[in-house]
Amino acid sequence: MPEPESPDGYDPVGPRPREAMSPTGQGGAMDLALEEAESLEKTLGAGPGGPGPKEKARSLWSDAWHQLRRNPVFLVSALLILFLVVIAIWPQLIASGDPLRCDLSKSQQGSSPGHPFGYDTQGCDVYTRTVYGARASITVGVCATLGAALLGSALGGLAGFFGGWWDALLSRVADIFFGIPVILGGLVFLSVVTSTTVWPVVGFIVLLGWPQLARIARGAVITAKQNDYVQAARALGAGNGRMLLRHVAPNAVAPVIVVATIALGTYIALEATLSFLGVGLRPPTVSWGIDISNAASQIRNAPHMLLYPAGALSVTVLAFIMLGDAVRDALDPKLR
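Bear in mind that the values here come from a model prediction, so they are computed numbers and not experimental data. (Residues numbered from 1 in each chain as written. Predicted model: local features only at pLDDT ≥ 70, side-chain atom pairs only at ≥ 80, totals over all residues. Heavy atoms only, no water.)

## Some details on the state of the cysteines
Note the cut-off: Here, a disulfide means two cysteine sulfur atoms that sit within 2.5 Å of each other. Helix numbering and strand numbering both begin at the N terminus, where a helix is a DSSP run of H or I of at least 4 residues and a strand a DSSP run of E of at least 2.
Scanning the model with the defined rule gives one disulfide in all. A sulfur-sulfur distance of 1.6 Å marks the disulfide that ties cysteine 102 to cysteine 124. Taking the torsion about the sulfur-sulfur bond, which here is approximately 60°, the covalent link between cysteine 102 and cysteine 124 counts as right-handed. Of this pair, cysteine 102 sits in the loop between α4 (72-89) and α5 (126-162) while cysteine 124 sits in the loop between α4 and α5, and the two are 22 residues apart along the sequence.

This is how it looks when you write it as structure tokens:
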């Protein structure tokens with residue numbers, strides 16, 4: 001039975017909800033507000049069940065990957081590093097010669113058909129040696145970075161999580177290693193090594209490289225363990241191992257990755273420096289540092305001997321540094 005209306009048209013019950021949302025048809029502030037509300041409702045995807053998110057929230061790593069894919073610096077450096085890694089594994093793809101095969105009759109000759117970079121003092125093909133030199137440099141850089149990152153992250157993470165005497169001891173030991181000059185330490189340590197493989201150089205770089213990454217990991221763990229979700233896990237009875245591996249480490253590893261990526265290029269340059277000084281890699285190993293050392297005395301007579309291995313070394317180091325900068329910008333929201 002319909003409710004009676006007053007003679008003057010006033011409804012004592014008030015307008016129905018659907019009537020309250022109907023436009024007046026005369027313009028004005030009320031119709032403008034209704035249009036804005038409908039537009040906002042369509043944007044948020046609101047329906048009978050209430051508003052629903054249009055896009056799923058991204059985690060730190062997915063958001064970082066989203067940023068990296070749109071960073072031209074990352075794309076260029078990643079493609080260049082991929083190319084260097086491929087030729088380090090399969091150098092015969094672009095170089096068919098033997099880097100150890102030399103002909104003294106062609107000593108210091110310039111470029112010729114099939115030998116675009118010319119020959120060095122021993123008559124070896126500079127192009128082939130430059131291509132094969134990527135293998136030793138990339139191997140040293142990657143292995144040294146992995147070793148320093150794993151050792152530094154483990155020691156620094158434990159020191160930052162447990163604190164106490166372990167933290168104090170690690171800090172003092174790290175200070176001792178920070179006080180050792182890198183070049184002088186390499187001259188002393190590697191001068192007594194007779195091996196011609198890359199592993200003595202890798203071990204030396206790890207020995208002097210882990211304190212930096214340990215300090216980064218320690219600070220990141222100290223910051224992460226103070227978050228509310230870690231305190232909640234502790235209150236719920238989670239053990240130290242579970243909190244460290246499941247809650248603290250995943251949220252503290254980002255700074256270590258950034259520093260390790262930048263350090264990789266530095267380690268490649270350090271290997272070339274030690275090889276140039278005669279205490280790093282030794283013949284018959286093919287290395288950019290060895291070729292630069294052999295060409296230094298002939299820079300006026302045959303500059304091509306120095307130009308190509310030095311250029312390859314510079315491009316490789318620059319690519320890894322650019323990659324590290326791009327990763328740092330993606331993982332640190334303050335830099336966006």
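## Quick look at the pattern of salt bridges
Rule in force here: Any carboxyl oxygen of Asp or Glu within 4 Å of a side-chain nitrogen of Lys or Arg constitutes a salt bridge here. Using a 1.4 Å probe on the protein chains alone, a residue whose accessible area is under 20% of its type maximum counts as buried, one over 50% counts as exposed, and one in between counts as partly exposed.
In total, this model carries six salt bridges according to the counting rule given. The shortest N-O distance in the salt bridge between arginine 129 and aspartate 291 comes to 2.9 Å. Placement of the pair is arginine 129 in helix α5 and aspartate 291 in helix α11 (residues 288-296), with a sequence separation of 162 residues. Accessibility classification places arginine 129 together with aspartate 291 in one group, the buried group. A salt bridge links aspartate 167 to arginine 218; its shortest N-O distance comes to 2.6 Å. Taken together, the residues aspartate 167 in helix α6 (residues 164-178) and arginine 218 in helix α8 (residues 199-224) connect sequence positions 51 residues apart. Residue classification places aspartate 167 among the buried positions, given a relative accessible area of 13%. Several salt bridges share partner residues, and in doing so they unite Arg172, Asp175 and Arg215 into one network.

## Quick word on a nonpolar patch on the surface
We apply this condition: Patches here: salt-bridge-free residues with over 30% relative accessible area, like charges joined within 9 Å, nonpolar side chains (Val, Leu, Ile, Met, Phe, Trp, Tyr) joined within 5 Å. Each accessible area value is a Shrake-Rupley result obtained with a 1.4 Å probe; residue values ignore everything except the protein chains displayed when judging cover.
Together, Val182, Ile183, Leu184, Leu187, Val188, Phe276 and Leu277 make up an exposed nonpolar region whose accessible area comes to about 560 Å². Among the elements that make up the nonpolar patch, the one with the highest residue count is helix α7 (residues 182-190) (five residues). Relative to the helices and strands, phenylalanine 276 resides in helix α10 (residues 240-276). Accessibility expressed as a relative area gives 36% for phenylalanine 276, which makes it partly exposed.

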